[in-house]
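Fold and geometry: a report
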Amino acid sequence: MLSASFSNQKVSIVAEEDVQTLSNSDSVGLLTAVVNTVNECLAEAPKYGLQSPKEALGTSQILEAISRCNSTGGRNGRHWVLDPVDGTLGFVRGDQYAVALALIEEGKVVIGVLGCPNYPRKKEWLNHHQSYQSMPKMSDTSDTWEKGCVLYAQRGSGEAWMQPLIHGNKKHTWSNSAQRVQVSAIDDPALATFCEPVEKANTNHSFTAGVAHSMGLNKQPLRVHSMVKYAAIARGDAEIFMKFAQSGYKEKIWDHAAGVIIVEEAGGVVTDAGGHPLDFSGVCT
Ligand SMILES: Nc1ncnc2c1ncn2[C@@H]1O[C@H](COP(=O)(O)OS(=O)(=O)O)[C@@H](OP(=O)(O)O)[C@H]1O
Ligand SMILES: [Mg+2]
């Protein structure tokens, strides 16, 4: 779809997944499920103002599309950065996960789109984890959406937007239903909530607790899987996001690009532990 939207240009896509597992002879069932799901999604495209392919895509076309996402990015040119499922653990648990797409030009993120299918209507439900599936459901006929949103922002616009997910058979009404989001106005540390990864393998919880204490943050941390943490900051549902990975771990650009630009355009600031902007110009190997 990206290629079709840019006059069938060969687009450079940096992405986490590859076709290795899907191409194994013992993955036939998985591959069939992927092909069916892709075609089901593509058939829904007109609902969102996009064109569906004239006929369903075959296995080889889908494998070819995935294997095209093998760019290593870099300092020069234009690169799309895709994380089809960020927070795999959250996804498997029926908890928070995100679908993230960003555009990087000359090493700078210029567009970010972050889909958060399980973002709950009430922010208090964000860290419900295992009990998430027992959350109340709203009826299909209700005007209020129960969960799910897409956030997006363009560099320099000074605006970040949130489109509630479309449920049931409703049509896409972009201009009417997108709402502007802004970071929280709270500047008193005692009233601020900070987010961090759920898994202790992905951050140092005791170190963040120490930093939080020295900053005067009193509230319990909001532990949320995936880039939904960036979404929570951009929407003003939390004030701070801290992550301190073990030494040696190299952060991946697809785990941050979309979230960073959305938070920045929503009025927030994102830096590394040294206070420097994150670097999206490296080559991904
Ligand atoms: N320190 C460290 N070590 C190994 N892997 C790491 C680390 N930090 C983040 N990740 C990758 O980032 C994704 C989830 O990160 P989160 O920050 O959301 O963590 S958590 O799920 O809340 O615990 C998840 O990637 P996905 O594959 O996109 O799910 C993790 O593989
Ligand atoms: Mg990821």
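Residues numbered from 1 in each chain as written. Chains lettered and ligands numbered in written order. Predicted model: local features only at pLDDT ≥ 70, side-chain atom pairs only at ≥ 80, totals over all residues. Heavy atoms only, no water.

Per an unreviewed UniProt entry, the chain carries the name 3'(2'),5'-bisphosphate nucleotidase and comes from Populus trichocarpa.

1. Digging into unusual backbone geometry
Among all residues except glycine, the phi angle is most often negative; among peptide bonds, the trans geometry is most common. A positive phi angle, near 45 degrees, is found at E106, a position not held by glycine. Locating E106 in the fold gives a position in the loop between strand 3 (98–105) and strand 4 (108–120). For E106, a relative accessible area of 52% corresponds to the exposed category. Look at S226: it is not a glycine, yet its phi comes out positive at around 75 degrees. As for its position among the elements, S226 is in the loop between strand 9 (222–223) and helix 8 (228–234). S226 sits in the buried class, given a relative accessible area of 11%. (Helix = DSSP H or I, 4+ residues; strand = E, 2+ residues; numbered from the N terminus. Buried < 20%, exposed > 50% of the residue type's maximum accessible area, 1.4 Å probe, protein only.)

2. Focus: the coordination of the magnesium ion (ligand 2)
Protein coordination at the magnesium ion (ligand 2) comes from D83 (OD), D86 (OD) and D255 (OD), with a distance range of 1.9 to 2.2 Å. Each donor residue of the magnesium ion (ligand 2) belongs to the same chain, with the gaps between them written as D-x2-D-x168-D. Of the two residues, D83 sits in strand 2 (residues 78–86) while D255 sits in the loop between strand 10 (240–241) and helix 9 (257–265), which places them 172 residues apart along the sequence. Here D83 and D255 have matching classes, each one buried. (Donors = N, O, S within 2.8 Å, 3.2 Å for Na, K, Ca; no water.)

3. Side note on helix 3 (residues 28–43)
Spanning 16 residues, helix 3 covers 23 Å between terminal C-alpha atoms, matching the ideal 22 Å at 1.5 Å per step. All of the buried residues along helix 3 are L31, V35, N39 and L42. On an axial view of helix 3, the arc spanned by its buried residues comes to 65 degrees, and they lie on one face. Of the exposed residues in helix 3, the ones pointing more than 90 degrees away from its buried face are G29, E40 and C41. In this structure, the buried residues of helix 3 make contact with helix 2 (20–23) and helix 4 (59–67). (Expected span 1.5 Å × (residues − 1). Arc of directions from axis to C-beta. Contact = heavy atoms within 4.5 Å.)

4. Details of a nonpolar patch on the surface
A grouping of M1, Y48 and L50 is seen on the molecular surface, where their side chains present a nonpolar patch of about 290 Å² in accessible area. Note on placement: M1 falls in the segment before helix 1 (2–5). (Patch = residues over 30% accessible without salt bridge, like charges linked within 9 Å, V, L, I, M, F, W, Y side chains within 5 Å. Areas by Shrake-Rupley, 256 points an atom, 1.4 Å probe, with all protein chains shown as cover. Salt bridge = Lys/Arg side-chain N within 4 Å of Asp/Glu carboxyl O.)

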